[in-house]
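# Fold and contact review
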Protein chains: 2
Amino acid sequence: MGSYHRYELGEVVLQSGLTLRGATLAYQTHGRLDADKSNAILYPTRFCGRHEDNEFLIGSGMALDPARYFIIVPNLLGNGVSSSPSNMPPPFDKARFPKLTIHDNVVMQRRLLVEELGIERLRLAVGWSMGAQQAYQWAALYPDAVERLAAICGTARTSPHNHVFLEGMKAAVTADAAWREGWYESQPRTGLRAMARGWAGWALSQTFYREELYRQLGYSSVEDFLVGFWEGMFLSRDANNMLSLIWTWQHNDISANPLYGGDFEAALGAIKARTVVMPGRTDLYFPPEDSAYEVDRMADAELRTIPSVWGHYAGGPANPEDAAFVNARLAELLAS
Amino acid sequence: MGSYHRYELGEVVLQSGLTLRGATLAYQTHGRLDADKSNAILYPTRFCGRHEDNEFLIGSGMALDPARYFIIVPNLLGNGVSSSPSNMPPPFDKARFPKLTIHDNVVMQRRLLVEELGIERLRLAVGWSMGAQQAYQWAALYPDAVERLAAICGTARTSPHNHVFLEGMKAAVTADAAWREGWYESQPRTGLRAMARGWAGWALSQTFYREELYRQLGYSSVEDFLVGFWEGMFLSRDANNMLSLIWTWQHNDISANPLYGGDFEAALGAIKARTVVMPGRTDLYFPPEDSAYEVDRMADAELRTIPSVWGHYAGGPANPEDAAFVNARLAELLAS
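Note that this is a predicted model, so its numbers are computed, not measured. (Residues numbered from 1 in each chain as written. Chains lettered and ligands numbered in written order. Predicted model: local features only at pLDDT ≥ 70, side-chain atom pairs only at ≥ 80, totals over all residues. Heavy atoms only, no water.)

## With respect to the overall build of chain A
Note the following rule: Working definition: helices are DSSP H or I runs of at least four residues, strands are E runs of at least two. Numbering for both runs from the N terminus. Our radius of gyration looks at C-alpha atoms and nothing else; its globule reference is 2.2 Å times the residue count to the power 0.38. Residue burial is assigned from relative accessible area. The probe radius is 1.4 Å, only protein chains are included, and a residue is buried under 20% of its type maximum, exposed over 50%, and partly exposed in between. Should any heavy atoms of two residues lie within 4.5 Å, those residues are counted as being in contact.
Per the secondary structure count, chain A includes ten helices and eight strands. Expected size for 336 residues packed as a compact globule is a radius of gyration near 20 Å; at 19 Å, chain A falls within 12% of this value. Its C-alpha atoms give chain A principal-axis dimensions of roughly 55 × 50 × 40 Å. For chain A, the residues scored as buried account for 62% of the 336 residues in total. Sequence separation of 24 or more characterises 74% of the internal contacts of chain A that already satisfy a separation of 6 or more.

## A short note on the relation of the copies chain B and chain A
Mapping one chain copy onto the other needs a rotation about an axis and a shift along that axis. Rules: The least-squares superposition of copies is restricted to C-alpha atoms, and to residues with a pLDDT of at least 70 in both copies.
Overlaying chain B on chain A yields an RMSD of 0.0 Å, the required transformation being a rotation through 180 degrees with an accompanying axial translation of 0.0 Å. Between the two chains, the operation in question is that of a two-fold axis.

## A closer look at the nonpolar core
Spelled out, the test is: What makes a nonpolar core is a set of buried Ala, Val, Leu, Ile, Met, Phe, Trp, Tyr and Cys residues whose side-chain atoms join them at distances within 4.5 Å.
In terms of nonpolar packing, the biggest core is built from 238 residues, with Leu-64, Trp-199 and Trp-230 of chain A together with Leu-64, Trp-199 and Trp-230 of chain B touching the most fellow members. Not counting residues within four places of it along the chain, the set of residues in contact with Trp-199 of chain A comprises Phe-47, Phe-165, Leu-166, Met-169, Trp-230, Phe-234, Ile-246, Trp-249 and Tyr-285 of chain A.

## Digging into the interface of chain B and chain A
For clarity, the cut-off: Salt bridges are identified by distance alone: a Lys or Arg side-chain nitrogen within 4 Å of an Asp or Glu carboxyl oxygen. Throughout this entry, Asp, Glu, Lys and Arg are counted as charged residues, while Ala, Val, Leu, Ile, Met, Phe, Trp, Tyr, Cys and Pro are counted as nonpolar. The remaining residues, Gly among them, count as polar.
Facing 30 residues of chain B, the contacting portion of chain A comprises 30 residues. Linking chain B to chain A there are six salt bridges. Asp-290 of chain A is the salt-bridge partner of Arg-210 of chain B, the closest N and O atoms lying 2.7 Å from each other. Broken down by secondary-structure element, the contributors of at least two residues to the side of chain B that touches chain A are helix H3 (160-174), helix H4 (189-203), helix H5 (206-210), helix H6 (222-235) and helix H9 (288-296) of chain B. Here the element with the most residues in the side of chain B that touches chain A is H3 of chain B; it accounts for eight residues. Grouping the constituent residues of the side of chain B that touches chain A by class yields 14 nonpolar, nine polar and seven charged.

## Structural notes on the environment of Trp-249 of chain B
Within the secondary structure, Trp-249 of chain B is located in helix H7 (residues 239-250). It is 8.9 Å that separates the C-alpha atoms of Trp-249 of chain B and Arg-157 of chain B, two residues lying 92 residues apart in sequence.

## Side note on the environment of Glu-181 of chain A
Tracing the backbone shows Glu-181 of chain A in the loop between helix H3 (160-174) and helix H4 (189-203). Sequence separation between Glu-181 of chain A and Ala-95 of chain A is 86 residues; the distance between their C-alpha atoms is 6.9 Å.

## Focus: the sheet that holds strand S4 (residues 70-74) of chain B
All names here are of chain B. The following threshold applies: Strands are treated as partners if at least two bridges between them are detected by DSSP. Lines are fitted to the C-alpha atoms to define the axes, a helix being fitted only along its stretch in contact, and any angle between axes, read from their N-to-C directions, falls within 0 to 180 degrees.
Strand order in this open sheet of eight strands is S1-S2-S4-S3-S5-S6-S7-S8, and the pairing throughout is mixed. The open sheet is flanked by strand S1 (5-13) and strand S8 (301-303), the only strands paired with a single partner. Sheet twist, expressed as the mean angle between neighbouring strand axes with direction ignored, is 20 degrees. As defined by bridge partners, strand S2 (residues 19-30) adjoins S4 across four bridges and the pair is classed as antiparallel. Counterpart to Thr-29 in the pairing with S4 is Ile-72. Contacts from helix H1 (residues 102-116) reach S1, S2, strand S3 (40-42) and S4 within the one sheet, and its direction differs from that of S1 by about 120 degrees. Packing against the sheet, helix H10 (residues 320-335) makes contact with S3, strand S5 (124-128), strand S6 (148-152) and strand S7 (274-278), and its axis sits at approximately 170 degrees to S7.

## Topic: the sheet that holds strand S7 (residues 274-278) of chain A
What links the strands of a sheet is backbone hydrogen bonding, and the strands pair in either a parallel or an antiparallel sense. Residues and elements named next belong to chain A. In spatial order, the strands read S1-S2-S4-S3-S5-S6-S7-S8; together these eight strands make up an open sheet with mixed pairing. The strands lining the two open edges of the sheet, one partner per strand, are strand S1 (5-13) and strand S8 (301-303). Averaged over all neighbouring strand pairs, the angle between strand axes comes to 20 degrees, with direction disregarded. As paired elements, strand S3 (residues 40-42) and strand S4 (residues 70-74) share three bridges and run parallel to each other. Bridge pairing in S4 links Ile-41 to Ile-71. Each of S1, strand S2 (19-30), S3 and S4 is contacted by helix H1 (residues 102-116), which is oriented at about 120 degrees to S1, the strand it contacts most.

## Considering the side chain of Arg-46 of chain B
Residue and element names in this part refer to chain B. Put simply, the rule is: Only four residue types enter the charge count, namely Lys and Arg as positive and Asp and Glu as negative; His and the chain termini do not.
Position of Arg-46 among the secondary structure elements: in the loop between S3 and S4. Summary of buried charges: Arg-46 has no salt-bridge partner, and the nearest side chain of opposite charge, Asp-53, is 4.1 Å away. When sequence neighbours within four positions are dropped, the list of residues in contact with Arg-46 reads Asp-53, Leu-76, Trp-128, Ser-129, Met-130, Gly-131 and Arg-237.

## Topic: helix H10 (residues 320-335) of chain A
Threshold: By definition here, a helix of n residues has an expected span of 1.5 Å times n minus one.
The terminal C-alpha atoms of H10 of chain A lie 22 Å apart, and with 16 residues this matches the ideal 22 Å at 1.5 Å per residue to within 8%. Where the residues of H10 of chain A are buried, they touch S3, strand S5 (124-128), strand S6 (148-152) and S7 of chain A.

## Side note on the pattern of salt bridges
Evaluated as defined, the whole model comprises 40 salt bridges over all chains. Taking the shortest distance from any N to any O, the salt bridge between Glu-115 of chain A and Arg-111 of chain A comes out at 3.3 Å. Linking Glu-115 of chain A with Arg-111 of chain A, this pair stays in helix H1, spanning four residues, or about one helical turn. Arg-110 of chain B is paired through a salt bridge with Glu-120 of chain B; the nearest N and O atoms lie 3.9 Å apart. Of the two residues, Arg-110 of chain B sits in helix H1 while Glu-120 of chain B sits in the loop between H1 and S5, which places them ten residues apart along the sequence. Residue class for Glu-120 of chain B comes out partly exposed when judged on its relative accessible area of 47%. When salt bridges with common partners are traced through the structure, they connect Glu-167 and Lys-170 of chain A together with Arg-193, Arg-197, Glu-223 and Glu-231 of chain B into a single cluster.

## With respect to the pairing of S2 of chain A
Residue and element names in this part refer to chain A. With nine of its twelve residues buried, S2 lies for the most part within the structure. By the bridge criterion, seven bridges tie S1 to S2 in an arrangement that is antiparallel. Pairing of Tyr-7 across the sheet is with Leu-25, part of S2. Hairpin geometry of S1 and S2 is characterised by an intervening segment of five residues between the two adjacent antiparallel strands and by a positive phi of about 95 degrees at Gly-17.

## Here we look at H7 of chain B
All names here are of chain B. Which entries qualify depends on this criterion: Pairs of N or O atoms within 3.5 Å make up the polar contacts considered here, provided that, within protein, one atom can donate a hydrogen while the other can accept it, and that residues adjacent in sequence are counted only when both atoms are side-chain atoms.
Over its twelve residues, H7 runs 16 Å from end to end, which matches the ideal 16 Å to within 8%, given 1.5 Å per residue. Summarising burial for H7: eleven of the twelve residues are buried, a large majority. Every buried residue of H7 is listed here: Ala-239, Asn-240, Asn-241, Met-242, Leu-243, Ser-244, Leu-245, Ile-246, Thr-248, Trp-249 and Gln-250. Buried residues in H7 make contact with H1, helix H2 (130-141), H3, H4 and H6. Measuring from the backbone nitrogen of Asn-240 back to the side-chain oxygen at the start of H7 gives 3.1 Å, which picks out Asp-238 as the cap.

## What to know about the state of the cysteines
Residue and element names in this part refer to chain A. Going by this rule: The disulfide criterion is simple: two cysteine sulfur atoms within 2.5 Å.
Going through the model one piece at a time under the given rule, you end up with zero disulfides over all chains. Left without a disulfide partner, Cys-48 is nearest to the cysteine sulfur of Cys-153, which lies 17 Å away. On the accessibility criterion, Cys-48 (14% relative accessible area) is buried. Taking the relative accessible area as the measure of exposure, Cys-153 reaches 1% and is therefore buried.

## Some words on the packing of H3 of chain A against helix H7 (residues 239-250) of chain A
Residue and element names in this part refer to chain A. What counts, and what does not: Small angles under 35 degrees read as roughly parallel and large ones over 145 as roughly antiparallel, with 65 to 115 read as roughly perpendicular and the rest as oblique. Less than a right angle of anticlockwise turn of the near helix away from the far helix marks a crossing as left-handed, whereas a clockwise turn marks it as right-handed.
Packing of H3 against H7 leaves a shortest axis separation of 10 Å and a crossing angle of 165 degrees. One element, H3, and the other, H7, form an angle in the roughly antiparallel class. Crossing handedness for the pair H3 and H7: left-handed. On H7, the residues that touch Asn-162, His-163, Phe-165, Leu-166, Glu-167, Met-169, Lys-170, Val-173 and Thr-174 of H3 are Ala-239, Leu-243, Ile-246, Trp-249 and Gln-250.

Structural data, given as structure tokens:
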């Protein structure tokens with residue numbers, strides 16, 4: 001996974017009231033922090049992504065250029081690299097791993113930046129999918145610390161339909177008796193494959209399949225794509241980690257904290273960052289209308305829909321055209 | 001389920017080469033066949049629907065008025081009323097029930113009409129969802145026998161994305177070890193509940209959930225809707241029947257037969273019926289663009305998209321406004 005750091009936070013009391021003991025944020029950095037500490041960019045990971053999965057938007061000559069910026073990529077709690085069900089020692093392992101919110105993640109990331117790296121302000125907070133959720137929460141929780149915000153195929157609050165989609169995914173993996181309420185010794189493989197097949201329909205659009213764009217990813221048929229890409233990816237994951245992250249995702253709401261007390265519109269309105277929100281035109285679980293709602297309630301936000309038929313994957317590395325679109329918007333935002 | 005008839009076809013050789021022994025089409029009729037047998041309407045059932053589920057579009061003063069028309073509602077093979085995994089005696093029961101195509105259904109329905117009811121021509125073939133698939137197949141297979149065609153939230157060929165959605169549903173129910181490859185003694189309830197939760201995200205739109213329209217159906221929250229409506233409905237069904245119907249749905253293609261040899265455009269072009277195709281604007285598994293493609297390749301077809309946020313359910317009884325839209329289009333079509 002390349003070189004990365006581990007920041008030990010000790011005992012962290014969570015929103016739930018439980019304590020995460022031996023809390024660890026794994027993170028990777030690119031570039032160097034400049035003398036006045038003004039070139040920091042935070043770029044958190046997505047669902048089940050790890051820091052190296054973010055590298056497709058980082059590079060020389062790109063918007064996120066390590067020659068210009070100090071880019072911090074923290075791993076989401078529950079992703080198997082930061083503290084997770086799969087790496088926590090008993091008794092808080094597996095099914096007893098505490099439920100974590102996006103807010104919990106962001107508070108810990110803030111400590112990493114301030115206490116460990118000495119960074120008070122961000123030039124930009126950016127993320128795709130659950131990464132966007134974290135970036136949104138940063139901008140709402142620390143409005144003066146986030147100069148710019150870029151949310152790619154992700155929302156500030158999980159919509160009811162998105163919640164239902166995730167209920168279907170949870171039900172698929174937990175229908176496998178081998179899951180054993182989380183106390184499995186080996187992975188519930190049938191359940192992971194079932195979730196993979198279910199997810200395949202949600203992550204990519206109707207048009208993606210109609211135009212056989214899986215061929216661009218090296219798959220020869222729908223079934224080859226379902227097995228080779230989807231089942232293969234999900235079999236490499238830990239079921240409890242995925243369920244932990246799904247809980248985090250389902251409970252995403254930038255206003256679900258004492259600062260905003262559930263007033264979602266107030267939390268959106270408090271964001272000071274210059275913002276670009278980039279939903280995918282054909283994203284089935286973060287449809288553009290949810291992003292439009294959020295943009296309308298922010299002080300300085302622009303909606304730039306990715307004109308893509310790659311569904312939710314418009315925000316990722318799969319289609320170079322989409323990544324180029326996102327990169328161009330990030331360059332504009334950083335130049336503004 | 002109200003009074004209905006059973007038409008016994010004996011041994012029927014299927015497209016697969018297998019023989020369906022003791023083949024039975026259950027059907028209900030409304031109204032009376034007129035003297036010159038010119039007022040017949042065929043209105044087949046949808047996925048897991050039974051004849052009584054079609055009654056919402058039938059009634060005095062409605063387009064499908066039993067005072068004017070003789071309306072035949074055949075039950076889809078596999079739906080638990082016509083020949084199905086759940087009602088077939090050994091050895092062709094349960095997991096050994098033969099795979100059935102829409103073509104198999106339509107050929108048997110044709111025999112019912114010609115041999116049993118003496119009907120050679122249809123004033124209209126109409127259906128919702130898998131009902132639309134059967135209506136399409138009728139119009140393509142017997143172009144001179146179908147004067148009018150109305151396809152509601154359904155297509156003439158299952159799209160690759162729709163296939164993937166159904167793969168997810170199959171994987172969810174079969175992830176339950178209680179399924180036992182179809183040889184269960186009692187239903188795989190965990191798997192049925194998992195499939196129900198998965199299906200809930202597909203059948204209704206993002207906007208449906210955002211606007212909490214499940215309240216109009218008598219449910220107080222998303223979770224209440226998932227358990228009360230979806231799990232309740234799926235627990236009343238037989239897993240093998242559902243899997244049989246899903247196979248039928250996945251293989252739907254009006255050209256997958258000797259007459260058209262897989263030439264889908266030729267099959268569409270052969271349809272002579274005056275046609276109205278009504279996709280739902282927000283249907284996630286039969287999106288309007290698939291219907292537009294089909295309308296463009298038919299001789300006398302019109303696209304009338306249902307302006308609904310009820311997703312696939314725009315074609316059903318759930319939202320009275322949508323049912324009124326559909327009824328109005330059927331009235332126009334029958335008057336033309």
